[in-house]
Amino acid sequence: MELTNEEIRRYSRHLILPEVGLAGQKRIKAASVLCIGAGGLGSPIAMYLAAAGIGKIGIVDFDTVDYSNLQRQILHTDADVGRSKAESAKETIHGINPNCEVVIHNTRISSENALDLIRPYDIVVDGTDNFPTRYLTNDACVILKKPNVYGSIFRFEGQASVFAPHLGGPCYRCLYPEPPPPGMVPSCAEGGVLGVLPGIIGCIQATEILKLAIGRGSSLVGRLLLFNALDMKFRELKLRRDPQCPVCGEHPTIKELIDYEMFCGIAPESQPAANPDEVTVQEMKKALDDPSLGIKVVDVREAFEYEIARVEGVPLLPMSELRSRFTELDPNTQYYLLCKVGARSHSAMEFLREQGFKYVKNVKDGINAWSEEIDRNVPRY
Ligand SMILES: [Zn+2]
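First, a word on scope: everything that follows refers to the structure included in this document. Residue positions are given per chain, counted from 1 along the sequence in the order it is written. Given that the model is predicted, a residue must reach a pLDDT of at least 70 before its local features are reported, and side-chain atom pairs must reach 80 or more before they are shown or counted; all residues, however, enter totals for whole chains, interfaces and linings. Hydrogens and water are ignored here; the side-chain numbers use all heavy atoms of the structure.

## Brief notes about the overall build of the chain
Okay, step 1: Along its length, the chain carries 16 helices and 12 strands.
Okay, step 2: Principal axes of the C-alpha set define a box for the chain whose edges measure 90 × 50 × 45 Å.
Okay, step 3: Among the 381 residues that make up the chain, the fraction classed as buried is 48%.
Okay, step 4: Here, residues are in contact when the closest pair of their heavy atoms is within 4.5 Å. A separation threshold of at least 6 residues defines the contact pool for the chain, and within that pool the share at least 24 residues apart is 66%. Only runs of H or I of at least four residues qualify as helices and only runs of E of at least two qualify as strands under DSSP, and these elements are numbered from the N terminus. For every residue, the accessible area obtained with a 1.4 Å probe (protein chains only) is divided by the maximum for its type, and the residue is called buried under 20%, exposed over 50%, and partly exposed between those limits.

Okay, here's the thing in structure tokens:
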């Protein structure tokens, strides 16, 4: 890896830093970084990395530029509204430094493509704005042993760290083993964000990437940096690797990528639970997976149907026996009622409510939806 005369002139302020020098600048040129998201965080990250001479930057973003992005996403200009963010990002980066190779991935990162997207790069930077993508990025980076340069922002506060179990530090799951319940933590779209905040956090991430590339300084591995813009204060927490961590611990249970929408309790967009009396099969699965929620699932189909198809761990109380046997249930417990397609369980729900059961809900589309969306081993009949 040699530098051209044009590059020597371009990077002269780096070259005269003893900590960088010619050797460090060559390492920066040799480095490749995958930037997940070309939004608020991705903007300063990609622009500073390009300016600093990172040889190859991958941009993953499937979104298009919206007017509401321009308040903070400085990769994109007014003229870019409506264009692909990845395309717009590539143009801006090339405007800053034509030496930088930009690979655009105009796609949504998913469990299916994440490993292939990440594998060719040295360093991954998390510029995502949602929990499923954040856990996906974390797990993929742990599996592939890539440093994951993390940042997140909300309203006036931000945080940053470098997750790299292979370098001795913890991963995102060591810090946050479980996602917050869906709807508990509002997104920037719902809660707002100060426009300059992603600039500050993104610049911290870009700094960490350059330090990783040249192998100098003490990184944020094992440390969580917290920033409050209103108070203009930085704080720091020491992070430890959790030996019980399901992905980077001593006995990992997650060895391949999972369904992150489901892990975060988010039902697929096409199947919203519109009715407050209804829950989706995804919510039913969450109830079964986590007994601490205190929700019980009861199957109200008939015994012969139960023989054809049943969900492991769900007891049977047939509709035909409900009137004589409902006293076996506790009126203060939360129940999700399951039938074949959601009609009988709806009647059962109404009956139980008349008997004073306050917390009964109906599983939308019944065991057939379970078979379609959760477990195809359960026969659909
Ligand atoms: Zn971990």
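## Remarks on the sheet that holds strand S12 (residues 360–363)
Okay, step 1: Strand pairing is assigned whenever DSSP detects at least two bridges linking the two strands. Strand order in the open sheet made by the 4 strands is S9-S12-S11-S10, with parallel pairing throughout. The sheet terminates laterally at strand S9 (278–279) and strand S10 (295–299), the two strands that pair on one side only.
Okay, step 2: Relative to S12, strand S11 (residues 334–338) runs parallel, the two sharing 3 bridges. Pairing of Tyr-336 across the sheet is with Lys-361, part of S12.
Okay, step 3: Note on definitions: angles span 0 to 180 degrees between N-to-C directions of axes, and those axes are lines fitted to C-alpha atoms, for helices only across the stretch in contact. Contacting S9, S10, S11 and S12, helix H12 (residues 281–289) crosses the sheet at an angle of about 130 degrees to S11.
Okay, step 4: Running at roughly 175 degrees to S12, helix H15 (residues 344–354) makes contact with S11 and S12 of the sheet.

## Describing the pattern of salt bridges
Okay, step 1: The term salt bridge refers to a side-chain nitrogen of Lys or Arg lying within 4 Å of a carboxyl oxygen of Asp or Glu. By the definition in use, this model includes 19 salt bridges.
Okay, step 2: For the salt bridge of Arg-119 with Asp-116, the shortest nitrogen-to-oxygen distance reads 2.9 Å.
Okay, step 3: Using a relative accessible area of 43% as the deciding quantity, one classes Arg-119 as partly exposed.
Okay, step 4: Two residues, Asp-126 and Arg-134, come together in a salt bridge whose shortest N-O distance is 3.6 Å.

## Overview of the coordination of the zinc ion
Six octahedral donors around a metal ideally subtend angles of 90 or 180 degrees, whereas four tetrahedral donors ideally subtend 109.5 degrees.
Okay, step 1: Donors, by definition, are the N, O and S atoms found within 2.8 Å of a metal, the threshold being 3.2 Å for Na, K and Ca, and water is not counted, so a site can look incomplete. At this site the zinc ion is bound by Cys-171 (SG), Cys-174 (SG), Cys-245 (SG) and Cys-248 (SG), with donor distances of 2.3 Å.
Okay, step 2: The geometry test gives tetrahedral to four donors whose angles all lie between 85 and 135 degrees, gives square planar to four donors and octahedral to six donors whose opposite members are over 155 degrees apart with all other angles between 65 and 115, and gives irregular to the rest. Coordination at the zinc ion comes from 4 donor atoms whose angles at the metal span 92 to 121 degrees, giving a geometry best classed as tetrahedral.
Okay, step 3: What makes Cys-171 buried here is its relative accessible area of 0%.

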